[in-house]
Amino acid sequence: MKLEEIAGRTFEFARERFPVAKLNAESMLTKKVVPVHRMSWAYYLGGLALFFFLVQVVTGLMLLFYYQPTVSDAHASVEYITQHVSGGALVRNLHAWSSSAMILTVIVHVLTTFAMKAFAKPREITWVTGVFLAMLVFGFGFTGYLLPWNQIAVNATKVGLQSIEAVGQYLPGEMATWPTFVRETIQGEAAVGQATLSRFYALHVILLPFLVAGLLGVHLFQVQIHGMSCGVDVERVGTEKFFPFFVIKDLSVWGVAFLVLFVLGLCLPFESFFAYPLMEPYDPLGSTPEGIKPEWYFFFVYYPLELLPYWAVMLGMTAGTLGLLLSPWILQNASRRTLRAIAIAAATYLVVITLFGQSIYEVLKGVSP
Amino acid sequence: MNRLAAAVWLSALLAVDARAAAHGVYQEFVRKSSGRPVDCAMCHTHSNGPEGTAAGQIGGLSSEELSRLGRARSAFEPGANVDSPILNDFGDLILQRVGKKRVLELRSAPGRLVEELGVASDLDADGLSDAREYLEGTHPLIASDGDPWSLFCHSVKREWFRLVMITAATLITLYGLSNLLRGFAVRVRAKESAEEGAGS
């Protein structure tokens with residue numbers, strides 16, 4: 001292929017994804033329409049994820065005023081926020097609940113978008129940025145988990161970092177040392193300690209938010225410029241105006257989500273789902289307490305790691321991630337029926353492993369509860 | 001000075017006997033009855049228990065704390081005012097309500113401590129009695145630790161006014177925003193119609 005041809009194709013690709021003619025308020029707002037069909041509810045999930053992200057930003061900023069990112073003071077500062085700062089328990093609880101809500105919404109958003117084949121041309125960039133955003137959201141979960149510096153936080157982070165290093169045994173030659181290098185770079189020192197906390201803190205409050213802001217900008221711009229994909233195989237579907245009707249409905253969904261989040265934040269401590277010894281300050285000299293697990297949204301990889309050979313899980317995860325990223329090209333000819341079946345299978349796996357992973361583990365390993 | 005020496009002597013004597021008198025049997029009972037991991041922090045100041053040299057452990061106590069420990073350890077009968085440096089408020093409450101003698105007796109039937117404590121006391125004011133939290137393996141001094149559903153129901157009853165107010169505020173805001181957006185949309189449509197009219 002000649003250089004000119006490559007340049008021409010690249011230009012054509014960019015022209016179709018960033019149509020200059022549509023860069024106006026009429027196309028993106030006043031004349032924009034949204035398809036109405038049986039899957040229309042899925043159009044609200046992206047906005048809902050954005051809402052939870054905004055709650056994360058606001059509550060996270062509030063927590064920053066008091067949080068101390070040092071191994072000696074991190075736990076005490078979190079205790080101080082919860083017990084002595086006016087509204088501190090509510091803000092912290094809102095942060096914890098909205099993080100889980102955001103991840104749940106993002107997962108459902110990815111699955112429904114996949115099932116609706118919303119990644120098809122010309123929405124490849126929307127899809128790819130969306131998959132990267134989903135990964136960043138998990139990155140937020142992983143880095144934020146360590147910050148309270150309690151038993152479960154530090155021990156679960158240790159397990160997570162060790163699993164990175166374990167990849168090395170399957171790599172040839174010099175490459176076998178790369179995962180160790182990656183782990184040490186993230187960890188910052190020989191063991192999980194102050195350097196790790198500082199790095200996770202920087203990642204959680206600076207680097208990841210910047211990356212999310214950049215990708216989110218491209219993602220939302222693409223959504224606005226290309227509109228919502230039809231999403232179903234029906235020839236004719238009804239439409240409604242994006243402004244004001246869809247926006248009003250979107251805001252109503254945000255309102256309901258806010259209410260549910262507020263009720264949970266005020267009335268149900270997120271920590272009540274953990275045994276209290278796991279919430280005690282991390283003791284480097286003490287023994288590892290029982291019940292160390294990652295957050296629920298990592299169960300889909302945690303339980304397979306406990307039950308299956310490491311290489312099999314890593315292979316599956318790598319294939320899954322690459323498959324998701326490359327869906328617009330790999331699955332461009334797949335029917336929506338096929339995609340829906342794949343999405344339902346993935347959703348079933350996620351629900352079963354998240355809700356019953358522990359029971360499955362106990363049955364298969366013969367461990368009494 | 002004599003009293004201090006006697007207290008230190010008594011504490012030392014009891015400390016020698018500490019292993020024999022350790023209350024791990026209660027911890028084991030809670031672990032089995034609740035299925036939750038528990039540690040010494042349920043009743044003690046330090047999560048590793050009273051033995052050691054850290055703050056809240058016998059080896060790290062000042063002379064004043066040692067004398068308090070001696071007084072707490074001599075609270076054999078119920079009703080004494082207990083303020084032990086190695087026990088937290090729940091540990092102190094057990095000694096106040098039950099007495100050291102009975103605590104030692106109940107080691108053979110740790111489940112009966114629930115009845116002896118009664119349901120009136122709720123040190124962390126989370127709506128779950130201390131006795132129930134002991135039985136369920138949740139911490140009687142941590143308000144965020146407890147059966148989630150029970151905590152939720154108690155909090156809804158306690159916070160009903162705030163919940164009503166936030167619901168009203170959200171509904172009013174949504175109503176106002178919706179009307180504002182509809183107003184903008186009508187205005188845009190009117191402008192478009194006027195432009196179309198002028199064009200034709």
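Structure's up top.
Position labels on residues start from 1 in each chain and follow its written sequence. The naming scheme follows written order: chains are lettered A onward, ligands numbered 1 onward. Local features are withheld for residues below a pLDDT of 70 in this predicted model, meaning they are given only at 70 or higher, and side-chain atom pairs are given and counted only at 80 or more; totals for whole chains, interfaces and linings count all residues. Processing note: side-chain calculations cover all non-hydrogen atoms of the structure and skip hydrogens and water entirely.

Secondary structure summary: chain B contains ten helices and zero strands in total. By definition, any uninterrupted DSSP run of H or I lasting at least four residues is a helix, any uninterrupted run of E lasting at least two residues is a strand, and each is numbered from the N terminus. Helices and strands in chain B line up, N terminus first, as α-α-α-α-α-α-α-α-α-α. Looking at chain B as a whole, 39% of its 200 residues qualify as buried. The contact definition used throughout considers only heavy atoms, calling two residues in contact when any of these lie within 4.5 Å. Within chain B, residue pairs in contact and separated by at least 24 positions form 45% of the contacts whose partners lie at least 6 positions apart. Exposure is judged per residue with a 1.4 Å probe applied to protein chains only, and the accessible area is read against the type maximum: over 50% gives exposed, under 20% gives buried, and values in between give partly exposed.

All names here are of chain A. For this analysis, a ring pair means two rings from Phe, Tyr or Trp (six-membered ring only for Trp) whose centres lie within 6.5 Å, classed as stacked if their planes differ by under 30 degrees, edge-to-face if by over 60, and tilted for the remaining angles. Scanning all chains against the criterion turns up 31 aromatic pairs over all chains. Centroid distance tyrosine 303 to tyrosine 361: 6.5 Å. Interplanar angle 45 degrees. Geometry classified as tilted. Taken together, the residues span a long stretch of sequence, with tyrosine 303 in helix α11 (residues 299-307) and tyrosine 361 in helix α14 (residues 336-365) at a distance of 58 residues. Each member of the pair, tyrosine 303 as well as tyrosine 361, is classed as buried.

Once that is clear, we can look at the side chain of Arg123(A). Residues and elements named next belong to chain A. Summarising the element assignment, arginine 123 is placed in the loop between α5 (88-115) and α6 (124-146). Charge counting follows a simple rule: Lys and Arg are positive, Asp and Glu are negative, and His as well as the terminal groups are ignored. Only one rule defines a salt bridge in this text: a Lys or Arg side-chain nitrogen within 4 Å of an Asp or Glu carboxyl oxygen. It turns out arginine 123 is buried and unbridged, and the closest side chain with the opposite charge, glutamate 124, is 8.5 Å from it. Each polar contact in these results corresponds to two N or O atoms within 3.5 Å; when the atoms are within protein, one needs to be able to donate a hydrogen and the other to accept it, and residues that are neighboring in sequence are counted only if both atoms are side-chain atoms. Separated by 3.2 Å, the side chain of arginine 123 and the backbone oxygen of glycine 227 make a polar contact. Apart from residues no more than four positions distant in its own chain, arginine 123 is found in contact with Ala118, His226, Gly227, Met228 and Ser229.

Listed per partner, the contact involves 36 residues of chain B and 27 residues of chain A. When two parts are brought into contact, each loses some accessible area as probed by a 1.4 Å sphere; the total of that loss over both is the buried area. With both sides pooled, the region where chain B packs onto chain A buries about 2800 Å², and carbon together with sulfur makes up 71% of that total. Residue Arg31(B) is joined to Glu290(A) by a salt bridge in which the shortest nitrogen-to-oxygen separation is 2.3 Å. Connecting chain B to chain A are six residue pairs in polar contact (both at pLDDT 80 or more). For the side of chain B that touches chain A, the secondary structure elements donating two or more residues are α9 (148-158) and α10 (160-199) of chain B.

On to the packing of α6(A) against helix α7 (residues 151-165) of chain A. Think of two packed helices as two axes; the pair is described by the angle between the axes and how far apart they sit. All names here are of chain A. For helices, the fitted line uses only the C-alpha atoms of the stretch in contact; every axis is such a line through C-alpha atoms, and the angle between N-to-C directions lies from 0 to 180 degrees. Packing of α6 against α7 leaves a shortest axis separation of 7 Å and a crossing angle of 130 degrees. Taken as axis vectors, α6 and α7 run oblique relative to one another. In contact with Phe142, Tyr145 and Leu146 of α6, α7 contributes Ile152, Ala153, Val154, Ala156, Thr157, Gly160 and Leu161. Here the residues of the contact of α6 with α7 are counted per class, giving eight nonpolar, two polar and no charged. Here roughly perpendicular refers to angles of 65 to 115 degrees, roughly parallel to angles under 35, roughly antiparallel to angles over 145, and oblique to all remaining angles. Only Asp, Glu, Lys and Arg are considered charged in this grouping, and only Ala, Val, Leu, Ile, Met, Phe, Trp, Tyr, Cys and Pro are considered nonpolar; every other residue, Gly among them, is considered polar.

The next point concerns the packing of helix α3 (residues 44-64) of chain A against helix α9 (residues 194-226) of chain A. All names here are of chain A. Packing of α3 against α9 brings their axes to within 12 Å, and their N-to-C directions diverge by 150 degrees. By the angle class used here, α3 and α9 are roughly antiparallel. The element α3 and its partner α9 pack so that their crossing is left-handed. Where α3 approaches α9, its residues Leu50, Phe53 and Leu64 are matched on the opposing element by Tyr201, Val205, Val212, Leu216 and Leu220. Partitioning the contact of α3 with α9 into residue classes produces eight nonpolar, no polar and no charged. Each crossing gets its handedness from the near helix: less than a right angle anticlockwise from the far helix is left-handed, clockwise is right-handed.

This part is about the nonpolar core. Only buried Ala, Val, Leu, Ile, Met, Phe, Trp, Tyr and Cys residues count toward a nonpolar core, and they belong to the same one when joined by side-chain atoms within 4.5 Å. Core analysis: the largest hydrophobic core is formed by 58 residues, its most contacted members being Phe52(A), Val106(A), Phe114(A), Trp127(A) and Ile152(A). Per element, the largest residue contribution to this core is eleven residues, and it comes from α5(A). Setting aside residues up to four positions removed in sequence, Phe114(A) forms contacts with Phe119(A), Trp127(A), Ser327(A), Leu331(A), Leu339(A), Ile342(A) and Ala343(A). Of all hydrophobic cores here, the second largest spans 26 residues; its members include Met42(B), Leu66(B), Ile94(B) and Leu106(B).

With that out of the way, let us pick up the side chain of Arg68(B). Residues and elements named next belong to chain B. For arginine 68, the location among the structural elements is in helix α4 (residues 63-73). Among the residues examined, arginine 68 registers a relative accessible area of 18% and is labelled buried. Look past the residues within four positions of arginine 68 in its chain and what remains in contact with it is Asp83, Ser84 and Pro85.

This part is about α6(A). When the terminal C-alpha atoms of α6(A) are compared, their 34 Å separation across 23 residues agrees well with the 33 Å that a helix rising 1.5 Å per residue should span. The buried count for α6(A) comes to 18 of 23 residues, which makes it a mostly enclosed element. How far a helix is expected to stretch is found by multiplying one less than its residue total by 1.5 Å.

Counted under the stated rule, the structure contains 21 salt bridges over all chains. Here Arg336(A) and Asp233(A) are joined by a salt bridge, their closest N and O atoms 3.0 Å apart. Taken as a pair, Arg336(A) in helix α14 and Asp233(A) in the loop between α9 and β2 (238-241) lie far apart in primary sequence, 103 residues in all. Taking relative accessible area as the criterion, Arg336(A) reaches 16% and is therefore assigned buried. Of the charged contacts in the structure, one is a salt bridge between Glu116(B) and Arg102(B), with a shortest N-O distance of 2.9 Å. A residue pair is termed long-range when its members are at least 10 positions apart, and Glu116(B) in helix α7 (residues 113-117) and Arg102(B) in helix α6 (residues 100-105) qualify at 14 residues.

Note on disulfides: each one is a pair of cysteine sulfur atoms within 2.5 Å. Considering all chains together, one arrives at zero disulfides over all chains under this definition. You can see Cys267(A) has no disulfide; the closest cysteine sulfur is in Cys153(B), sitting 9.6 Å from it. Accessibility expressed as a relative area gives 0% for Cys267(A), which makes it buried. Taking relative accessible area as the criterion, Cys153(B) reaches 27% and is therefore assigned partly exposed.

Residue and element names in this part refer to chain A. If you check α5, its first and last C-alpha atoms are 40 Å apart, about what 28 residues at 1.5 Å a residue would give, namely 40 Å. Most of α5 sits out of view: 21 of its 28 residues are buried. Looking one or two places after α5, you find lysine 117, whose phi comes out positive at around 55 degrees.

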